[in-house]
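So you can see what is in the structure, the chains are spelled out below.
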Amino acid sequence: MTRDLRRDALDGIRDILPPAIAAIPIGLLCGALGAAKGLSPAEMALMCALVFAGGAQFAAIDLWSWPVPVATLVVSTLLINSRHILMSLSLARRTGHFTWGQRLLGYAVLADENWAMAERRAAGRALTPAYFLGMGGFFYLNWLVWGTLGAVVGAAIGDPARIGADFAFTALFIGLVVGFWRGHRSTFTIAASLVTAALVYRFAGPPWHVAAGALAGIAAAWLAAEPEEVPA
């Protein structure tokens, strides 16, 4: 690995380190909940490795029963993960110079956190494969380790709400949103997404609020855009 590649990869790991630390209690909780539903540490590790989507995993574990409600699980996780389509589209213009394999690996480990860091990086300089893959790979391994460990220790973790650990991801996402704030148009977009998601969650329940909030945010961003910013 050349010096530039190594530096970019280390930059990616450094930038994703705070979100990775915030993910530790969430990964432990996810693993513990899986163990409580009867999943072994090996099965939990396989879920973390193949799915790698915290929200979808929590939804699947919550719905887990016997016989497994396959159709409900598929629809729920599809709606929750539909936001990855939008994140991938937003990064497509940033990764056009990547090889096919680099894009495949990078998007396979895409999460809200490394998407936000990639967009922030791209706002100031070119997004390189070393940065994107170093960041995504580290975050992926972090989730795999702590999700599996959560299944090992199981109920010994206790309720994370007692120490406020359940708020870790919420606080992290608030920080990410604030980092993308660009004035009144950002406020309008965030507010539209927030209010829509909250209303749909209240009256329709999860997981519909995820897709509804995303679509409302897209519509608000389009309405608030200047004429020259709207694609012809």
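- Under an unreviewed UniProt entry, the chain has the name Branched-chain amino acid ABC transporter permease and belongs to Inquilinus limosus.
- A UniProt comment under Sequence similarities (unreviewed entry) is attached to the chain, and it reads "Belongs to the AzlC family."

Notes on the UniProt feature "transmembrane region" (unreviewed entry) in the chain
Argument step 1. Residues given the UniProt feature "transmembrane region" (unreviewed entry) here are residues 16-35, 66-86, 130-157, 163-181 and 210-225.
Argument step 2. Helix makes up 100% of residues 16-35 and strand 0%. Its end C-alpha atoms lie 28 Å apart.
Argument step 3. With 76% helix and 0% strand, the stretch residues 66-86 has end C-alpha atoms that lie 34 Å from each other.

Structural notes on the nonpolar core
The nonpolar side chains of soluble globular proteins are, as a tendency, buried together.
Argument step 1. In terms of nonpolar packing, the biggest core is built from 28 residues, with Met44, Phe52, Leu127, Phe132, Met135 and Phe139 touching the most fellow members.
Argument step 2. Those elements giving two or more residues to this core turn out to be α1 (3-36), α2 (41-50), α5 (83-92), α7 (112-124) and α8 (129-153).
Argument step 3. Broken down by element, this core gets its largest block of residues, seven residues, from α8.
Argument step 4. With residues near it in sequence (within four places) discarded, Phe132 still touches Leu91, Phe98, Gly106, Tyr107, Leu110, Ala118 and Leu127.

Re α1
Argument step 1. The end-to-end C-alpha separation of α1 is 46 Å, in line with the 50 Å expected for 34 residues at 1.5 Å each.
Argument step 2. At Leu17, α1 shows its maximal kink, close to 45°; a proline, Pro18, follows between one and four residues later.
Argument step 3. Immediately downstream of α1, the backbone of Gly38 shows phi near 100°, a positive value.

Let's talk about unusual backbone geometry
Argument step 1. Cis geometry marks the peptide bond from Trp66 to Pro67; its omega dihedral reads 0°.
Argument step 2. Within the secondary structure layout, Pro67 lies in the loop between α3 (54-63) and α4 (70-81).

Notes on the packing of aromatic side chains
Argument step 1. By the definition in use, this model includes four aromatic pairs.
Argument step 2. Between Tyr107 and Phe132, the aromatic rings sit 6.1 Å apart at their centres with planes inclined by 75°, giving edge-to-face as the arrangement. Pair noted here: Tyr107 is in helix α6 (residues 100-108) and Phe132 is in helix α8, with a separation of 25 residues, a long-range link.
Argument step 3. Note on Tyr107: relative accessible area 23%, which makes it partly exposed.
Argument step 4. Taken together, the ring pairs in this structure connect Phe52, Phe139 and Tyr140 into an aromatic cluster.
Argument step 5. Taking the ring centre of Phe203 as reference, the NZ or CZ of Arg202 above it sits at 5.3 Å.

About the criteria used
- Residues numbered from 1 in each chain as written.
- Predicted model: local features only at pLDDT ≥ 70, side-chain atom pairs only at ≥ 80, totals over all residues.
- Heavy atoms only, no water.
- UniProt positions renumbered as here; feature names shortened; annotations may be inferred.
- Helix = DSSP H or I, 4+ residues; strand = E, 2+ residues; numbered from the N terminus.
- Core = buried A, V, L, I, M, F, W, Y, C linked by side-chain atoms within 4.5 Å.
- Buried < 20%, exposed > 50% of the residue type's maximum accessible area, 1.4 Å probe, protein only.
- Contact = heavy atoms within 4.5 Å.
- Expected span 1.5 Å × (residues − 1).
- Bend = angle between axes of the 7 residues up to and from the residue.
- Phe/Tyr/Trp six-rings, centres within 6.5 Å; stacked < 30°, edge-to-face > 60°.
- Lys NZ or Arg CZ within 6 Å of the ring centre and 35° of its normal.

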